[in-house]
Amino acid sequence: QGQAAAIGNGDADGTKQAAHFVFVPLNELGHLIPAVDTALLLATHGAVCTIVGTPSMAARVRHTVDAAAAGHSGLPVRLLEFPLDYAAAGLPEGADDADRIDPAYMINFYRALALLRAPVERHLREHAPPPYPTCVVSDIFNPWASELAAGLGVPRLSFFSMSAFSVLCQHNLERFGAFAGVEDANAPVVVPGLDRKIVVTRAQAPGFLRGIPIPEWEALADYIERARAEADGVIMNTVTEMEPEYVASYAAARGMKVWTVGPVSLHHQDAATLASRGNADADAAACLRWLDGRDPGSVVYVSFGSIVQASPKQLVELGLGLEASGHPFLWVVRNAGAYDAEARAFLDGLQERVSGRGLVVRGWAPQVTVLSHPAVGGFVTHCGWNSTLEAVTAGLPVVTWPHFTDQFLNERMAVEVLGIGVSVGVTEPITFVAKEIVVRRGVVEQAVRSVMGAGEEAEGRRRRARELAAKARAAVQEGGSSHANLLDLVKRFGTGPAASQV
Ligand code: UDP
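The following paragraphs examine the structure supplied in this document.

Cut-off values and rules
Residues numbered from 1 in each chain as written. Predicted model: local features only at pLDDT ≥ 70, side-chain atom pairs only at ≥ 80, totals over all residues. Helix = DSSP H or I, 4+ residues; strand = E, 2+ residues; numbered from the N terminus. Rg over C-alpha atoms; globule rule 2.2 N^0.38 Å. Buried ≥ 20, exposed ≤ 12 C-beta atoms within 10 Å, placed from the backbone. Contact = placed C-beta atoms within 7 Å. Pairing = 2+ DSSP bridges. Right-handed = clockwise from strand over helix to strand, strands pointing away. Near = placed C-beta within 6 Å. Nonpolar A, V, L, I, M, F, W, Y, C, P; charged D, E, K, R; others polar. Core = buried A, V, L, I, M, F, W, Y, C linked by C-beta atoms within 7 Å. Axes fitted to C-alpha atoms, helices over the stretch in contact; angles between N-to-C directions. Bend = angle between axes of the 7 residues up to and from the residue. Parallel < 35°, antiparallel > 145°, perpendicular 65-115°, else oblique. Left-handed = near helix turned anticlockwise from the far one by under 90°. Expected span 1.5 Å × (residues − 1).

**Notes on the overall build of the protein**
Counting secondary structure elements, the protein contains 19 helices and 15 strands. Taken over the C-alpha trace, the protein has a radius of gyration of 22 Å; the compact-globule value for 502 residues is 23 Å, and the two agree within 12%. Projected onto the principal axes, the alpha-carbon positions of the protein cover approximately 65 × 55 × 45 Å. In the protein, which comprises 502 residues, the share counted as buried stands at 48%. At a minimum sequence separation of 6, the contacts of the protein that also span at least 24 residues come to 70%.

Structure (C-alpha cells):
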C-alpha cells in the first residue's frame, strides 16, 4: 500500500492550508512525463503534490520526483504506489506497463486501474500525512478519478497533454455530427465551428477513443467522455499565445475553465534531470558528444515517440531516405532489440555507411536535451503533442508523420495553423487498417531536404518556429500566461481565506 514521506502543511499558522493536488496520471510516457512535470511546476509555486500510480509507473519517474524532493529547493512532491489487483481485473500478473500491454487485455488494464480508487481514497483519507487533498488532477484515461474526487469531497481537473486546437476540432466534429451520413472513412470533411478551413477524415479523427475494435471499448470511451464533461476544469500542456482562439473556444464549448501551463518541459533547469526525463538510462553524454561535432542547425532529429514501432519495411525506407537526404541525422529507433536479424543488420550497415554523418540511437534519447542543442535544425516527428510542443519550444521546423490518435490534428496544427511543418503525406492511421502503410525513401528524402534546406519557404518555417519559441519561453517567465495560470491554480485550490474555489 501507499508509502510516502511526511510533507509539511505549507502554512504554519494553521489558519489556511496549501493547495494539495493529487495527480492520477496514466502509465504511458506521453501522458506520464508531462503530468509529472506539471506536478513539479505546481510544487515550485507552493502547492503540495502527490502523484498516485502503480509500482511500474513509479519506477519510471521516481528518479525525477526524488531529485525534485531532495534537491536544494526540496519540493513538496511525493509518489504513492499502489499495486494493481491483477486477479480481480482478469489481467496477467505484471501486465501493468501500458507500453507493452497486449491489446487483448486493454480493457482489463483499465479495469485494474479503476480498482485503485478504493485503496487510494482510503489511504488519502486515513493514512496519508497532512495536508488533506484539495484537488484531484486526473489523466483523461482515468475517468474513475471523478469518483475518487467525489469521495474525497474535492474538485477535479482533467489533465491533457494535447493542443487546444486538436481537442476543439475533435469536440466540434462530435458535437456538430460532422461525420453523420459520411460512409467513406477517408472522405474529406470540414471541421465545423472554426475560423479557418481545416479538412479531416473520419479515419484521422474518429472521435476521442472511438472506432477501436476492442470489446467494451465504446463503454469505456463513453465513461471517459462523461468524466471529461463533468470535470471542474482542464489543465493543458500548451501555450495560450500559440493558439489563443482555440484555447478560448474550447473553454467556451465545454463551459469550463482551461489553465494552459506549457511548455511544461521548460520546468527542468538542471541538465542531468532534464536528460533523464522519462528514462534514467538515457545516454545523454553520447548524444551531446556527437552533436558537439556538428555544424549549427545542420542535424535533423528523427523520433516517433514512446509508442510507435516502425515495421521492418518502414525502418529500411526511412533509413535509406535519411541517408539519401545528405543531411546529418540523429535517429532514435525505439525498442531496436525487438527487430529481426535482417533489420538489425540493416541498422548496423547504415550506421557504418553514414558514420560521422548519422547517429542511430537504439532505445531512448534525451529528447528535450537533444532538441535544444544548437546543432539540431529540424525534427522528423510522429506529431505526438509533447514532441510537437517540444519542437516549437526549441524553435525547430518539423517533418510531420502522424500515425494515430490526435497526431493527424497535431499535423494540421503544425503545417496549416503554425506554418512550421512539411508533411510526408500519410493520410490514414496505421492502427487497425488492413493494408500496410509505408512511406517510401524518396518521400522521406524530399521532406527532409525541404525542411532542412535553404530557400524562402524553409526560411519562413524557421522564422515562425523561432517566433513561437520566444512566445513559449515568455509564457513560463514571471508575468507570462502559463506562469500566471500556475499561480492561479495554487491560489484557487488552496483553502486559505484568500483562496476562491471554481
Ligand atoms: N521521448 C524522449 N526520448 C525518446 C522518445 C520520447 O525523451 O527517445 C519523450 C518526448 O520528449 C516526449 C514523450 O517522450 O516528451 C513522448 O510523447 P509524445 O506525446 O510526443 O508521443 P507518444 O509517446 O505519446 O506517442
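Having seen it, we continue.
**So, the pairing of strand E13 (residues 376-381)**
Across the six residues of E13, six count as buried, placing the element largely inside the fold. In this sheet, E13 lies alongside strand E10 (residues 299-303) in parallel orientation, the contact comprising five bridges. Residue Val302 lies in a different strand from E13, and its bridge partner there is Val380. Strand direction decides the pairing type here: E13 and strand E14 (residues 398-400), joined by three bridges, are parallel. Counted as the bridge partner of Thr381 is Thr400 from E14. The handedness of the E13 to E14 crossover, carried by helix H15 (residues 385-393), is right-handed.

**Considering the site of the ligand**
Taken together, the neighbourhood of the ligand is formed by 19 residues, with Gly30, Gly305, Ser306, Gly384 and Ser387 sitting nearest. Sorting the residues of the shell around the ligand by element identifies helix H1 (29-44), helix H14 (367-371) and H15 as the ones contributing at least two each. Ranked by the residues each element gives to the shell around the ligand, the list is headed by H15, at four residues. Classifying every residue of the shell around the ligand gives eight nonpolar, nine polar and two charged.

**Some remarks on the nonpolar core**
If you look at the biggest cluster of nonpolar residues, it comprises 144 residues, and the most contacted ones within it are Phe21, Phe23, Ala39, Leu42 and Cys49. If one sorts the elements of this core by residue count, H1 sits on top with ten residues. The contacts of Phe21, once residues within four sequence positions are left out, are Ala39, Leu42, Ala47, Cys49, Cys135, Val137 and Phe493.

**Here's the deal with the sheet that holds strand E2 (residues 48-53)**
Strand order in this open sheet of seven strands is E3-E2-E1-E4-E5-E8-E9, and the pairing throughout is parallel. Two strands close off the open sheet at either side, each with one partner strand: strand E3 (77-81) and strand E9 (258-260). Taking the axes of each pair of neighbouring strands and ignoring which way they run, one obtains an average angle of 25 degrees across the sheet. In the sheet, strand E1 (residues 20-24) pairs with strand E4 (residues 135-139) via four bridges, with the strands oriented parallel. Among the inter-strand pairings, Phe23 is bridged to a residue of E4, identified as Val137.

**Describing the sheet that holds strand E15 (residues 421-423)**
The six strands are arranged E12-E11-E10-E13-E14-E15 in an open sheet whose pairing can be described as parallel. Looking at which strands have only one partner, the edges of the open sheet turn out to be strand E12 (358-362) and E15. On average, adjacent strands in this sheet sit at an angle of 20 degrees to one another, irrespective of strand direction. In the sheet, strand E11 (residues 329-333) pairs with E12 via five bridges, with the strands oriented parallel.

**What to know about helix H2 (residues 55-70)**
Remark: the principal bend of H2, roughly 60 degrees, maps to Val61. Buried within H2 we find Met57, Arg60, Val61, Thr64, Val65 and Ala68. If you follow the buried residues of H2, they end up packed against H1, E2, E3 and helix H10 (271-275).

**Topic: unusual backbone geometry**
Between Pro130 and Pro131 the backbone carries a cis peptide bond, its omega angle lying at 5 degrees. Along the chain, Pro131 turns up in the loop between helix H5 (117-127) and E4. For the peptide bond that leads from Gly262 to Pro263, omega is -5 degrees, which places it in the cis range. Considering the arrangement of structural elements, one finds Pro263 in the loop between E9 and H10. In this model, Leu209 sits at a positive phi of 65 degrees, which is unusual for a non-glycine residue. Considering the arrangement of structural elements, one finds Leu209 in the loop between strand E7 (199-200) and helix H8 (217-229).

**Thoughts on the pairing of E1**
When you tally the buried positions in E1, you get five out of five residues, the bulk of the element. The two faces of E1 match: His20, Val22 and Val24 on one face and Phe21 and Phe23 on the other face are all buried. Pairing between E1 and E2: four bridges, direction parallel. Within the sheet, the bridge partner assigned to His20 lies in E2 and is Val48. Between the parallel elements E1 and E2, the chain passes through H1 in a crossover that is right-handed.

**Focus on the packing of H1 against H2**
Look at H1 against H2: their axes get within 11 Å of each other, and the N-to-C directions meet at 25 degrees. As summarised for this structure, H1 and H2 are arranged roughly parallel, according to the angle between their axes. The hand of the H1/H2 crossing is right-handed. On the side of H1, the interface is formed by Leu32, Val36 and Leu40, while H2 contributes Met57, Arg60, Val61, Thr64, Val65 and Ala68. Looking at the contact of H1 with H2 residue by residue, the class counts come to seven nonpolar, one polar and one charged.

**Re helix H12 (residues 312-325)**
With 14 residues, H12 should cover 20 Å at 1.5 Å per step; its first-to-last C-alpha distance of 20 Å lies within 8% of that length. Buried residues along H12 sit in contact with E10, E11, helix H13 (341-353), E12 and helix H17 (441-452). One or two residues past the end of H12 sits Gly326, with phi positive at roughly 80 degrees.

**Some thoughts on the environment of Gly262**
Counting through the fold element by element, Gly262 comes out in the loop between E9 and H10. Residue classification places Gly262 among the buried residues on the basis of 32 C-beta atoms within 10 Å. Sequence spacing of Gly262 and Val476 is 214 residues, and the spatial spacing of their C-alpha atoms is 7.2 Å. Ignoring anything within four residues of it in the chain, the contact list for Gly262 reads Asn237, Thr238, Val239, Leu389 and Ser482.

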